[in-house]
Amino acid sequence: MSFSLTLTLNGAQRDIVLDDPRVTLLDLLRDRIGLPGTKKGCDRGQCGACTVLLNGKRVNACLALAVTLDGAEITTIEGLADGDTLHPVQDAFIEADGFQCGYCTPGQIMSAVGLIAEGRAGDDPERIREGMSGNICRCAAYHGITKAVQEATRRMDAATKGDAA
Amino acid sequence: MIPFAFLQPTSVDDALAAWTPGAAWLGGGTNLVDLMKTGGGQPSLLIDLSRLPGLRDIEMSDDGGARVGALVSNADLADHPAFAARFPMVAEALLAGASGQIRNAATVAGNILQYPRDAFFKHLGEDPLDGDTTSLSILGANGPVAVHPSDFCVPLAALDAVVEVQGPNGPRDIALADLLAPTADTRTALAPGELVLALRLPAEGATFAGHARYLKVRDRTSFAFALTSAAAALRFDGPRIAEARLALGAVAPTPWRVAEAEALMAGQAPDADLFERAAQTALSGAVAIGDTGWKIELARRTAIRALTLAAAHTPARLPALPGSPFAAQAKDHAHA
Ligand SMILES: Cc1cc2nc3c(=O)[nH]c(=O)nc-3n(C[C@H](O)[C@H](O)[C@H](O)COP(=O)(O)OP(=O)(O)OC[C@H]3O[C@@H](n4cnc5c(N)ncnc54)[C@H](O)[C@@H]3O)c2cc1C
Ligand code: FES
Ligand code: FES
């Protein structure tokens, strides 16, 4: 049996035919669509390396079955920058040294984008650490990660306020 | 994962009609897909509930209660201001569970019906006493049985939550505590083919809003299952406790409530000695299985601390570290 679905992936519509309902969103992205930016760490929801935005909310792509997602809007790390202009969270990670090996980084950045949209942490470092606890960094770059999320939150807040004024 | 058939019905009637033995309902999938990857769950048919209409509402009733659709996400429920104001310890427990990503995907019904941690290795025939014994029950179990892993269900049990289900024999209401009471051969009291449609919190639960806390002790500060936890709720009449609720998490195959422990607090002024006696009573009958002796003492202290926090008052805003024993002394260690 095959399943057809349509996804809006990083802003572009995609028709997908699946021959197997077992394919996770993570494997679909990496192995079938050729977007390897989203990483596989544990494949069990425990590390956050596979974080993407699903209809604007951060989720673990390794626990989402692709077949369930017809009509969904998905943003991956590849869809974050605007051409050569990086997303403010990407900029902030570079400036604050929010990584070492970089393996967890796409997931960290997508999770941070999701967290900032949720508005639950603001620029409080303790709330940021709690809000980012679904993303493990084996290199323990947590200090820089927290600073990056804090800084990005401030800049994005300032930009929204600037727009509103 | 072994292969399975897949259906995505668009009405509750179609979903119920599609059910056959061997089928499984799919909510957010954060528990079931994980289990299927390990081989611990092998449904022949997966029935995805995500397209069922009308199961994503949070209704705050005029009498002070609430009704929550089965597909509401854990995050959306915790973040619902009116719900969190009425049932703050439910919101705190939700936010103390899993991670931001998992809470966005996980549904209310899926959280309640999640498999215990031993389901992940049981099918391999491993001796539960050989491996990590932290998830074993010290109460209400005959032998090495895993605890109910949910944080959410602990305050729900304390507040007498009711679950609305529908199945081949029509709709029925079942108390959460009864739903989660496992028997020798069933994991829950849900009959084959029954579907959870909603969760109800009785209005009385909201009368505890001013003094209600969830406390969760973990191996690390965030993103870990509970070693022990407690939901404590007090209603005061002047300086004395009019009514108390206490449920313990991660100690039994179901959230653990002891009527005598709650009753002995009624009419009393809150103090350390009272909470000590309540905790002792709640844990009477606790038995260490394997090397879980530490759990009895930890659960006792967790109960006392949760009652003490509840007696103080519910904070206006949830602490930065929800449910954490470190919430009070949390400081900025980022040197930011
Ligand atoms: C890494 C990790 C960490 C976690 N940490 C915690 C934690 O700290 N605290 C905690 O409480 N939980 C924790 N969890 C568990 C998490 O809360 C559950 O996975 C989640 O709540 C399940 O919801 P779901 O909608 O994804 O359920 P699913 O995976 O879709 O389903 C779970 C079960 O419920 C059944 N089901 C789903 N919906 C219905 C329905 N409407 N009617 C009848 N049956 C239904 C399914 O058939 C299945 O048996 C963690 C999970 C992971 C993966
Ligand atoms: S790969 Fe998905 S959480 Fe680890
Ligand atoms: S930078 Fe190496 S795992 Fe995080």
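Model, not experiment: these values are computed from the prediction.

Colleague: For the interface of chain A and chain B, give the residues involved together with the corresponding values.
Modeller: If you look at the interface, chain A gives 37 residues, while chain B gives 43 residues. Approximately 3300 Å² of surface area, both sides summed, lies buried where chain A meets chain B, with 51% of it carried by carbon and sulfur atoms. Salt-bridge contacts for Asp76(B) lead to Lys57(A); the nearest nitrogen and oxygen are separated by 3.5 Å. Here chain A is connected to chain B by 17 residue pairs in polar contact (both at pLDDT 80 or more). Top contributing element to the side of chain A that touches chain B by residue count: helix 4 (residues 125-131) of chain A, with five residues. Its residues assigned to classes, the side of chain A that touches chain B shows 10 nonpolar, 14 polar and 13 charged.

Colleague: Can you break down the sheet that holds strand 8 (residues 195-201) of chain B residue by residue, with the values?
Modeller: Residue and element names in this part refer to chain B. Pairing is antiparallel in the open sheet, where five strands are placed in the order 4-5-8-6-7. The two strands at the open ends of the sheet, each matched to only one other strand, are strand 4 (58-60) and strand 7 (170-175). Strand-to-strand twist of the sheet, defined as the mean angle between neighbouring strand axes without regard to direction, takes the value 20°. Two strands pair when backbone bridges link them, and strand 6 (residues 162-167) and strand 8 are joined in this way by five bridges, in the antiparallel orientation. Residue Gln166 lies in a different strand from strand 8, and its bridge partner there is Leu195.

Colleague: Tell me about the packing of aromatic side chains, and name the residues and values.
Modeller: Across all of its chains, the model carries two aromatic pairs over all chains by this definition. Plain terms: the ring middles of Phe3(A) and Phe6(B) are 5.9 Å apart, the flat faces sit at 80° to each other, and that makes the pair edge-to-face. Here Phe3(A), found in strand 1 (residues 3-9), pairs with Phe6(B), found in strand 1 (residues 5-7), and the two come from separate chains. For Phe6(B), a relative accessible area of 6% gives the class buried.

Colleague: I'd like to hear about the site of ligand 1, residue by residue, with values.
Modeller: Close contacts around ligand 1 come from 35 residues, with Trp25(B), Thr30(B), Leu32(B), Thr107(B) and Asp151(B) the closest. More than one chain reaches ligand 1: the nearby residues come from chains A and B. Within the side chain of Thr30(B), a nitrogen or oxygen atom sits 2.7 Å from an oxygen atom of ligand 1. Between ligand 1 and the protein, one listed contact pairs an oxygen atom with a backbone N or O atom of Ala224(B) at 3.3 Å. Relative to its unbound accessible area of 970 Å², ligand 1 is 96% covered by the protein chains. Breaking the shell around ligand 1 down by element, the ones donating at least two residues are strand 2 (23-26), helix 7 (108-112) and strand 8 of chain B.

Colleague: An account of the pairing of strand 2 of chain B is needed here, citing residue identities and associated values.
Modeller: A regular strand places its side chains on the two faces of the sheet in alternate fashion. Side chains Ala23(B) and Trp25(B) of strand 2 of chain B all project onto a buried face; the interleaved residues Ala24(B) and Leu26(B) project onto the opposite face, where all are buried too. After leaving strand 2 of chain B, the chain enters helix 2 (residues 32-38) of chain B and then returns to the sheet as strand 3 (residues 45-48) of chain B, a path that is right-handed.

Colleague: Please set out the sheet that holds strand 12 (residues 256-257) of chain B residue by residue, giving values where relevant.
Modeller: Residue and element names in this part refer to chain B. Taking strand neighbours across the sheet as the criterion, the four strands line up as 9-10-11-12 in an open arrangement whose pairing is antiparallel. Each having just a single partner strand, strand 9 (212-217) and strand 12 make up the two edges of the open sheet. Set on the sheet, helix 12 (residues 272-282) makes contact with strand 10 (228-237), strand 11 (240-249) and strand 12; between it and strand 11 the angle comes to about 40°. Running at roughly 30° to strand 10, helix 13 (residues 293-312) makes contact with strand 9, strand 10 and strand 11 of the sheet.

Colleague: Which residues make up the packing of helix 3 (residues 105-118) of chain A against helix 5 (residues 142-164) of chain A, and what values do they have?
Modeller: Residues and elements named next belong to chain A. Between helix 3 and helix 5, the least distance of the axes is 11 Å, while the angle of their chain directions is 40°. Comparing the axis directions of helix 3 and helix 5 gives the class oblique. In the packing of helix 3 onto helix 5, the handedness of the crossing is right-handed. On the side of helix 3, the interface is formed by Gln108, Ala112, Leu115 and Ile116, while helix 5 contributes Ile145, Val149, Ala152, Thr153 and Met156. The class makeup of the residues in the contact of helix 3 with helix 5 is seven nonpolar, two polar and no charged.

Colleague: Let's hear about the domain arrangement of chain B: which residues, and what values?
Modeller: Size of an interface, as often reported, equals the accessible area lost when the parts are brought together. Domains assigned within chain B are domain 1 (1-53), domain 2 (54-134 + 144-205) and domain 3 (209-312). Taken over C-alpha atoms, the centre of domain 1 of chain B sits 36 Å from the centre of domain 3 of chain B.

Colleague: Could you give an account of the pairing of strand 3 of chain B, naming the residues involved and the relevant values?
Modeller: Residues and elements named next belong to chain B. The alternating pattern of strand 3 places Leu45 and Ile47 and Leu46 and Asp48 on opposite faces, both of which are buried. In this sheet, strand 3 lies alongside strand 1 in parallel orientation, the contact comprising three bridges. Paired with Phe6 across the strands is Leu46, a residue of strand 3. When strand 2 meets strand 3, the two strands line up parallel, connected through four bridges. When the sheet's bridge partners are listed, Ala24 is paired in strand 3 with Leu46.

About the thresholds
Residues numbered from 1 in each chain as written. Chains lettered and ligands numbered in written order. Predicted model: local features only at pLDDT ≥ 70, side-chain atom pairs only at ≥ 80, totals over all residues. Heavy atoms only, no water. Contact = heavy atoms within 4.5 Å. Buried area = accessible area lost by both parts, 1.4 Å probe. Salt bridge = Lys/Arg side-chain N within 4 Å of Asp/Glu carboxyl O. Polar contact = N/O pair within 3.5 Å; in protein donor to acceptor, adjacent residues only side chain to side chain. Helix = DSSP H or I, 4+ residues; strand = E, 2+ residues; numbered from the N terminus. Nonpolar A, V, L, I, M, F, W, Y, C, P; charged D, E, K, R; others polar. Pairing = 2+ DSSP bridges. Axes fitted to C-alpha atoms, helices over the stretch in contact; angles between N-to-C directions. Phe/Tyr/Trp six-rings, centres within 6.5 Å; stacked < 30°, edge-to-face > 60°. Buried < 20%, exposed > 50% of the residue type's maximum accessible area, 1.4 Å probe, protein only. Near = heavy atom within 4 Å. Areas by Shrake-Rupley, 256 points an atom, 1.4 Å probe, with all protein chains shown as cover. Right-handed = clockwise from strand over helix to strand, strands pointing away. Parallel < 35°, antiparallel > 145°, perpendicular 65-115°, else oblique. Left-handed = near helix turned anticlockwise from the far one by under 90°. Domains from an automatic or database assignment.

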